[in-house]
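If you want the building blocks of each chain, they are given just below.
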Amino acid sequence: MAETARVWVRNFVDGVFIEPDENAWYDNIDPATGASVGRVHTADATLVDRAVTAGRRAVTAWANTPVAERTALLRRAADRIEERFDEFVAAEIGDTGKPITQARTLDVRRAPQNFRSFADTVAAAGQESFITEIGDGRRALNYAVRKPLGVVAIIVPWNLPLLLLTWKVAPALACGNAVVVKPSEETPSTATLLAEVLAEVGLPPGVFNVVHGRGEVGELLTRHPGVAGVTFTGSSATGSRVMGAVAPRVRAVSFELGGKNAAVVFDDADLEETLNGLTRSIFTNTGQVCLCTERVYVQRGIFDAVAAGLTKRALGLTLGRPIDEATTTGPLISAAHREKVLRYFDLAQDAGAEVLVGGGVPEVGAELDGGSWIEPTLWTGLTNDAAAVREEIFGPVAALIPFDDENEAIALANDTDYGLAASVWTNDLRRGHRVAQAMDVGMSWVNTWFLRDLRSPFGGMGLSGLGREGGASSLHFYTEPTNVCVQL
Ligand code: NAD
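Residues numbered from 1 in each chain as written. Predicted model: local features only at pLDDT ≥ 70, side-chain atom pairs only at ≥ 80, totals over all residues. Heavy atoms only, no water.

Trainee: Where do I start with the UniProt feature "domain: Aldehyde dehydrogenase" (unreviewed entry) in the protein in this structure?
Mentor: In the numbering used here, UniProt assigns the feature "domain: Aldehyde dehydrogenase" (unreviewed entry) to residues 18-483. Regarding residues 18-483, the helix share stands at 41% and the strand share at 21%, and the terminal C-alpha atoms are separated by 41 Å. (UniProt positions renumbered as here; feature names shortened; annotations may be inferred. Helix = DSSP H or I, 4+ residues; strand = E, 2+ residues; numbered from the N terminus.)

Trainee: So what exactly am I meant to see when it comes to the sheet that holds strand β15 (residues 354-357) here?
Mentor: Note: strands within a sheet are paired through backbone hydrogen bonds, in either parallel or antiparallel orientation. Judged by pairing direction, the sheet is mixed, and its seven strands sit side by side in the order β15-β16-β17-β14-β13-β18-β19 without closing on themselves. Among the strands making up the open sheet, the edge pair consists of β15 and β19 (443-446). Between one strand axis and the next, the sheet turns by 25° as a mean value, whatever way the strands run. As paired elements, strand β14 (residues 293-299) and strand β17 (residues 397-403) share five bridges and run parallel to each other. Within the sheet, the bridge partner assigned to V298 lies in β17 and is P402. Packing against the sheet, helix α11 (residues 335-350) makes contact with β15, β16 (377-380) and β17, and its axis sits at approximately 20° to β16. (Pairing = 2+ DSSP bridges. Axes fitted to C-alpha atoms, helices over the stretch in contact; angles between N-to-C directions. Contact = heavy atoms within 4.5 Å.)

Trainee: Explain the UniProt feature "active site" (unreviewed entry) in the protein to me, please; I cannot follow it from the model alone.
Mentor: Under the local residue numbering, the UniProt record ascribes the feature "active site" (unreviewed entry) to E256. When you line up the elements, E256 lands in strand β12 (residues 252-256).

Trainee: What is the right way to look at the site of the ligand in this model?
Mentor: Not every one of the 30 residues close to the ligand is listed here, only the nearest: K182, E185, T238, L257 and E392. In this structure, W158 approaches the ligand through a side-chain N or O atom, which is 3.0 Å from an oxygen atom. Across the complex, the protein chains shield 90% of the 850 Å² of accessible surface that the ligand would expose by itself. With respect to the pocket detection grid, the ligand is positioned in the largest pocket. For the shell around the ligand, a count of residues per class yields 13 nonpolar, 10 polar and seven charged. (Near = heavy atom within 4 Å. Polar contact = N/O pair within 3.5 Å; in protein donor to acceptor, adjacent residues only side chain to side chain. Areas by Shrake-Rupley, 256 points an atom, 1.4 Å probe, with all protein chains shown as cover. 1 Å grid on protein atoms, 1.4 Å probe; cavity = no way out; pocket = protein on both sides within 12 Å on 5 of 7 lines; lining within 4 Å. Sits in = over half its atoms within 2 Å of the grid points. Nonpolar A, V, L, I, M, F, W, Y, C, P; charged D, E, K, R; others polar.)

Trainee: What am I meant to see in a nonpolar patch on the surface here?
Mentor: On the surface, a cluster of nonpolar side chains totalling about 410 Å² of accessible area is made up of I131, Y143, V145, V486 and L488. Mapped onto the fold, L488 is located in the segment after β23 (479-487). (Patch = residues over 30% accessible without salt bridge, like charges linked within 9 Å, V, L, I, M, F, W, Y side chains within 5 Å. Salt bridge = Lys/Arg side-chain N within 4 Å of Asp/Glu carboxyl O.)

Trainee: Even after reading the chapter, I still don't get the pattern of salt bridges, so can you show me in this structure?
Mentor: Working definition: two side chains of opposite charge can pair if their charged atoms are close together. All chains considered together, the criterion is met by 27 salt bridges. In this structure, E256 and K168 form a salt bridge, with 3.5 Å as the shortest nitrogen-oxygen distance. With E256 in strand β12 and K168 in helix α5 (residues 161-174), this pair connects stretches of sequence that are 88 residues apart. For the pair formed by E256 and K168, the shared burial category is buried. Taking the shortest distance from any N to any O, the salt bridge between R300 and D404 comes out at 2.9 Å. (Buried < 20%, exposed > 50% of the residue type's maximum accessible area, 1.4 Å probe, protein only.)

Trainee: Can you help me understand α5 in this one?
Mentor: Along an α-helix, a turn takes 3.6 residues, which lines up residues three or four apart on a common side. With 14 residues, α5 should cover 20 Å at 1.5 Å per step; its first-to-last C-alpha distance of 20 Å lies within 8% of that length. Where α5 terminates, the next one or two residues include G176, which has phi positive at roughly 100°. (Expected span 1.5 Å × (residues − 1).)

Trainee: I would appreciate a short explanation of the nonpolar core in the present structure.
Mentor: Where a protein is soluble and globular, its nonpolar side chains tend to be buried together. Ranked by size, the top nonpolar core spans 66 residues in total, and within it F115, I154, L173, V181, F208 and L291 carry the most contacts. Among the elements that take part in this core, α5 stands out by supplying 10 residues, more than any other. What L173 contacts, discounting residues up to four positions off in sequence, is W62, R70, L74, V179, L198, L203 and V207. (Core = buried A, V, L, I, M, F, W, Y, C linked by side-chain atoms within 4.5 Å.)

Trainee: How should the packing of aromatic side chains be read in this particular structure?
Mentor: Any two aromatic rings considered together are summarised by their centre-to-centre distance and by the angle between their planes. Inspection of the entire model under this criterion finds 10 aromatic pairs. Ring geometry for F266 and F403: centres 5.4 Å apart, planes at 80°, overall edge-to-face. Taken as a pair, F266 in the loop between β13 (261-265) and α9 (271-283) and F403 in strand β17 lie far apart in primary sequence, 137 residues in all. The burial state of F266 is the same as that of F403; both residues are buried. An aromatic cluster is present here, built from F118, W167 and F458 joined pairwise through their rings. Across from the ring centre of Y26, 4.7 Å away, lies the NZ or CZ of R214, which sits over that ring. (Phe/Tyr/Trp six-rings, centres within 6.5 Å; stacked < 30°, edge-to-face > 60°. Lys NZ or Arg CZ within 6 Å of the ring centre and 35° of its normal.)

Structure (structure tokens):
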């Protein structure tokens, strides 16, 4: 352990890894054990400025590189991530403590998919054009040329680090932007590996830069005059602060923020399929996915069956060492985050919750004792006015609440300040469409959850965000049109 504690995670600016500063670092903690797995070099204002300046210098040539060359480079990056797959998996596990099976099948698997999907989207993109009838037989041609924004700041959280990072890096680069990336302070490693990969496949220096550190480093980026746009994934509170920082310069922003997502379960749903789907939607990544379900509205006739079935499945989850293939559930990201989740456990009890399962800190054995472990937890007996039902907890926890009819279910599900995702469970085709469309959210699933087509729009309403990314929506965010009107 002493040996690995000296491993440095470095900043990457203008095509080179920066020699770390012995006086500016913090420990990278493995949340499964609480042990340090390395030191992260914290960027300062000078380094952030160097990164943005490098991006500005590099962006014109990159923007003028033919689309075919840019997209070919992204495809090589996808191939290279696959060649170095196990290194990315190990880095993601070391930072997050997530189970190896999940890191392989969800997190790292999505990175090459992101690169290939946005290479396809940008390669196939057309331009809008209109013929305008002016009168007297005269006409004009309008067409829009899409140009990259310039240097885009990409700020991302710790829950799905590489997946969320590449979801933004791929379209930004494909559209011809340069980027400065600020990964979460909790999960700096895969962004750093990605810098290696992009250099290996020949991305010109300055087009991709990584700066490490806490929120202050993100703020330096959002306030930097050389940054043309900010795309941010993280909590709603930070999103609001970023919006304030960007406001004086009126820059493009895209926000993918928190959620308090509902599942609506009708009594005609296939019970087994629904229970399996709900288990995934509540407990995947220890509940630390923005899309995770924390409110489950169940039609009264099947309430007890759903409660019993979910309890059984929660008890069947296996907490354990991330590298064990049998482990299904990792720790929370940090001791501080566990404190927050435990506070909601108390608040729920105060509000009259009955704990079906969990509610505390589990016994995980001496080796993992220093980690941020928490029990998968389910409650009944709460209503929509409880803090634990209104506020995002971001842990392996959900409240089960009964309803009688469809209108009541829709009203309960939409009674929230958030608007990210919902899932509807029913065998009635018409009701499935009807209720899914009635959800005031960015993404609504029927009889499934987190099934993604990367060409479809992704984002949220209300406190859950602003704007959409994915497919053509990403193209719109990462470029700006100049409309040209030619009188013919
Ligand atoms: P966070 O808001 O604390 O941090 C996100 C990132 O912002 C980190 O890199 C952090 O260092 C940086 N940051 C913090 N303060 C900043 C500031 N003032 N200026 C600029 N950057 C700053 O979020 P988190 O705890 O890392 O992540 C969990 C949150 O992310 C949850 O709310 C979750 O729902 C949300 N999330 C949303 C989506 C989505 O697509 N909607 C996806 C994943 C996670």
